[in-house]
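Each chain, written out:
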Amino acid sequence: MATVVSPFALTAPRPLAPGKFENPRQTAKGEPRAQVALTGLDTLWFNTGTLCNLACTTCYIESSPRNDALVYLTLAEVETYLDEIAREGLSTREIAFTGGEPFMNPDMLPILQLCLARGFAVLVLSNAMQPMRRFESQLLALEGRERLTIRVSLDHYTREVHEAERGVSWDKAMAGLEWLAANSFLIAVAGRQLEHESETGARAGYRDLFARHALPLDADDPAQLVLFPAMDPYADIAEISEACWGILGKNPSQMMCASSRMVVKRKHEPAPRVAACTLLPYEPGFDLGASLIEASAPVALNHPHCARFCVLGGASCSG
């Protein structure tokens, strides 16, 4: 069987150089590795489980209809972390959910109602297909849904590229997005940039798509259209040393791990754990503990995703 190549794959990338991203304290050149301190837990993410109704050609965390490496979180487990936020007086503003497809989790609607009842802004990343559509009446009935945003994954503004990545799903995804808009939900879109596609060009393509479908979305607003760069953890990329902040004109506080953490429950583990990053739920070096207080430690940027996605790509799952 021929290997299916993602349209978002990097073209003939150089393999990651030996020795890179091995030592959390220093780079392969022996320079002090950059770290990011938690400035405040603005967003707490929950991965609701890696099971998904789609099997994309490349998924950042390998979600699929068969992958249950991250199992479903329960309502009680989510409530434990919300209680910790209240008990510790944490400054958390937003609760966000990713998967897998969050609406495959049987506790998803009670979880959403709990978070809204606690007064949080809520963000859900969804493909807006059948798992979400079967809960239409419950979504419409949610108290506080004016604080709920559903970010729909449209990998590209063209059907051809989107379906080359996700399979035959364009019509159903667009129908779900249009249903959300027609019912006055707060919506956003998550897309990807092709390797040689500029951000300006990508936003122009989505702007035209939104106009054709009368969607109330501003393609120039990075919170309403979140664009992710091309990714490959095995492709060579520069490591980020402490000196890079000044060289690149960036500040550690701009990084996603300065203001967010993600709760995951790995298969065969007895209880949820807190990971530093939404993109790295399986990496032992990014497991920060069982509680939010434990997980407040600084994060060493010791993975290619730290460089390509966050520092050099300027991307963030939080928008």
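Note that the structure is a prediction, hence the values are computed from the model and not measured. (Residues numbered from 1 in each chain as written. Predicted model: local features only at pLDDT ≥ 70, side-chain atom pairs only at ≥ 80, totals over all residues. Heavy atoms only, no water.)

J.: Help me understand the overall build of the protein, please; the structure alone is not making it clear to me.
T.: Each helix and strand in the protein was counted, giving 9 helices and 11 strands. In terms of overall size, the protein behaves like a compact globule, its C-alpha atoms giving a radius of gyration of 19 Å where 319 residues would be expected to give roughly 20 Å. In terms of principal-axis extent, the alpha carbons of the protein reach across some 55 × 45 × 40 Å. Once local pairs closer than 6 in sequence are excluded, the contacts in the protein between residues at least 24 apart make up 73%. Counting every atom, the protein has about 14000 Å² of accessible surface; 53% of that belongs to carbon and sulfur. Charge centroids of the protein, computed over 28 positive and 37 negative side chains, lie 1 Å from each other. (Helix = DSSP H or I, 4+ residues; strand = E, 2+ residues; numbered from the N terminus. Rg over C-alpha atoms; globule rule 2.2 N^0.38 Å. Contact = heavy atoms within 4.5 Å. Areas by Shrake-Rupley, 256 points an atom, 1.4 Å probe, with all protein chains shown as cover. Lys, Arg positive; Asp, Glu negative; His and termini not counted. Charge placed at Lys NZ, Arg CZ, Asp CG, Glu CD.)

J.: Looking at this structure, I do not really get the pairing of strand E7 (residues 225–228). What am I missing?
T.: A regular strand places its side chains on the two faces of the sheet in alternate fashion. In E7, alternate side chains face the same way, and those of Leu225 and Leu227 on one face and Val226 and Phe228 on the other are all buried. Judged from the 4 bridges that link them, strand E6 (residues 186–192) and E7 form a sheet pairing that is parallel. Opposite Arg192, over in E7, you have Phe228 as the bridge partner. Each parallel crossover has a hand, and for E6 linked through helix H7 (residues 199–212) to E7 it is right-handed. (Buried < 20%, exposed > 50% of the residue type's maximum accessible area, 1.4 Å probe, protein only. Pairing = 2+ DSSP bridges. Right-handed = clockwise from strand over helix to strand, strands pointing away.)

J.: Any chance you could explain helix H5 (residues 159–166) here in plain terms?
T.: Note: α-helices contain 3.6 residues per turn, so residues at a spacing of three or four share the same orientation. Residues Val161, His162, Glu165 and Arg166 constitute the buried set of H5. The arc that holds every buried residue of H5, seen down its axis, measures 115°, which confines them to one face. Where the residues of H5 are buried, they touch strand E5 (148–153), helix H6 (170–182) and E6. Following H5 by one or two positions, Gly167 has its phi on the positive side, about 80°. (Arc of directions from axis to C-beta.)

J.: I'm lost on the environment of Gly246 in this one. Help?
T.: With respect to the secondary-structure elements, Gly246 resides in helix H8 (residues 244–248). Sequence spacing of Gly246 and Met108 is 138 residues, and the spatial spacing of their C-alpha atoms is 43 Å.

J.: Explain the pattern of salt bridges to me, please; I cannot follow it from the model alone.
T.: Side chains bearing opposite charge may pair, as long as their charged atoms lie close to each other. All told, the structure shown has 22 salt bridges when counted by the stated rule. The network of salt bridges with shared partners includes Asp155, Glu165, Arg166 and Arg192. (Salt bridge = Lys/Arg side-chain N within 4 Å of Asp/Glu carboxyl O.)

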